[in-house]
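Working through the structure, step by step
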Amino acid sequence: MTVHLEVAEGVGTLRLDRPPMNALDVATQDRLKELAEEATRREDVRAVVIYGGEKVFAAGADIKEMQAMDHTAMVLRVRGLQDSFTAVARIPKPVVAAVTGYALGGGCELALCADYRIAGENAKLGQPEILLGLIPGAGGTQRLARLVGPSKAKDLIFTGRQVKADEALALGLVDRVVPADEVYTQAHAWAARLAQGPALALRAAKEAVDTGLETDIDTGLAVERNWFAGLFATEDRERGMRSFVEEGPGKAKFL
């Protein structure tokens, strides 16, 4: 298998495993969707790390496979391509991308599906599809613009240029830069801390933010207030408030 789901201490690691560059062929895309949906269902997975290994995150699509596809074949395939990435973006739990080495094309688009991105000092990110006479097709034109703003996204998409970790941080494309050998450790620690939190409240927070970005503010506020009021029916809310009153802030245990 070219993607694995490894679970430990509430954290599920979606590990790409297609040496040497983790090229995202059709089989890998489909497997990614399958495991993202499994991570969504599993109660023992409370947060997720996306990781490509110590040397490379994912260098992009399998160009040889794509070159053999004509217009009709891609019309039939492109929805499946997008759906595999959307399955990752819609995991209703905190998701962090641990980016080492290249995250280009589909690799960059996969990182964009995470809630938070930790990059190694050796990371290089970009959307080089324009250099193939194409545009990003797995969500890059949409998620990148929402993350960094339209003008910065257009610069990256129009030029196809790669950015190093420090520029990616300045652009807001990644959230933290660390030594390459610490990327997975720090990403796992981020996920493990949130895996100890109130699962339903975290799900609510993610849905409220994501929905708000995709719609008008009135609809976003409606989603927020519905979730806010609904959480008053949960055991985690009772535990959290009781702990605050009796012990002070930040000491509640939610597991």
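Just above, that's the structure.
Everything quoted here is computed from the prediction, not taken from an experiment.

It is worth spelling out the overall build of the protein chain at this point. Helices and strands together make up the secondary structure of the protein chain, namely 11 helices and 9 strands. Taken over C-alpha atoms, the radius of gyration comes to 19 Å for the protein chain, in line with the 18 Å a tight globule of 255 residues would show. In terms of overall dimensions, the protein chain has C-alpha extents of about 65 × 40 × 35 Å along its principal axes. The 255 residues of the protein chain split such that 44% are buried. Of the accessible surface of the protein chain, which amounts to about 13300 Å², a share of 55% is contributed by carbon and sulfur atoms. A distance of 1 Å separates the average location of the 31 positive side-chain charges in the protein chain from that of its 36 negative side-chain charges.

Here helix 9 (residues 199–214) contains 16 residues, and its C-alpha end-to-end distance of 23 Å stays within 8% of the 22 Å for a straight helix at 1.5 Å per residue. Within helix 9, the full set of buried residues consists of A204, K206 and A208. Contacts from the buried residues of helix 9 go to helix 3 (71–89), strand 4 (95–99) and helix 10 (217–230).

The residue Q127 is located in the loop between strand 7 (124–126) and helix 5 (140–148) in this model. Residue class for Q127 comes out buried when judged on its relative accessible area of 1%. Engagement of the side chain of Q127 in a polar contact is seen with the backbone oxygen of G105, the distance being 3.5 Å. Polar contacts involving the side chain of Q127 include one to the side chain of E129, which spans 3.1 Å.

Before going further, it helps to spend a moment on the sheet that holds strand 2 (residues 11–16). Spatially, the 6 strands line up as an open sheet ordered 1-2-3-4-6-9, and their pairing is mixed. Of all the strands in the sheet, just strand 1 (3–8) and strand 9 (176–178) have a single pairing partner and so form its edges. Averaged over neighbouring strand pairs, the angle between their axes works out to 20 degrees when direction is ignored. Relative to strand 9, strand 6 (residues 116–120) is paired through 3 bridges, and the arrangement is parallel. In the strand pairing of strand 9, A119 is matched with V177. Strands strand 1, strand 2 and strand 3 (47–51) of the sheet are contacted by helix 1 (residues 26–41), whose axis makes an angle of about 20 degrees with strand 1.

So, on to unusual backbone geometry. The step from P19 to P20 runs through a cis peptide bond, and the omega angle for that step is 0 degrees. Mapped onto the fold, P20 is located in the loop between strand 2 and helix 1. The residue E9 is not glycine, and still its phi comes out positive at about 55 degrees. Looking at where E9 falls in the secondary structure, it is placed in the loop between strand 1 and strand 2. A positive phi angle is found at N22, which is not glycine, with a value near 55 degrees. Within the secondary structure layout, N22 lies in the loop between strand 2 and helix 1. Note on N22: relative accessible area 3%, which makes it buried.

Scoring rules and cut-offs
- Residues numbered from 1 in each chain as written.
- Predicted model: local features only at pLDDT ≥ 70, side-chain atom pairs only at ≥ 80, totals over all residues.
- Heavy atoms only, no water.
- Helix = DSSP H or I, 4+ residues; strand = E, 2+ residues; numbered from the N terminus.
- Rg over C-alpha atoms; globule rule 2.2 N^0.38 Å.
- Buried < 20%, exposed > 50% of the residue type's maximum accessible area, 1.4 Å probe, protein only.
- Areas by Shrake-Rupley, 256 points an atom, 1.4 Å probe, with all protein chains shown as cover.
- Lys, Arg positive; Asp, Glu negative; His and termini not counted.
- Charge placed at Lys NZ, Arg CZ, Asp CG, Glu CD.
- Expected span 1.5 Å × (residues − 1).
- Contact = heavy atoms within 4.5 Å.
- Polar contact = N/O pair within 3.5 Å; in protein donor to acceptor, adjacent residues only side chain to side chain.
- Pairing = 2+ DSSP bridges.
- Axes fitted to C-alpha atoms, helices over the stretch in contact; angles between N-to-C directions.

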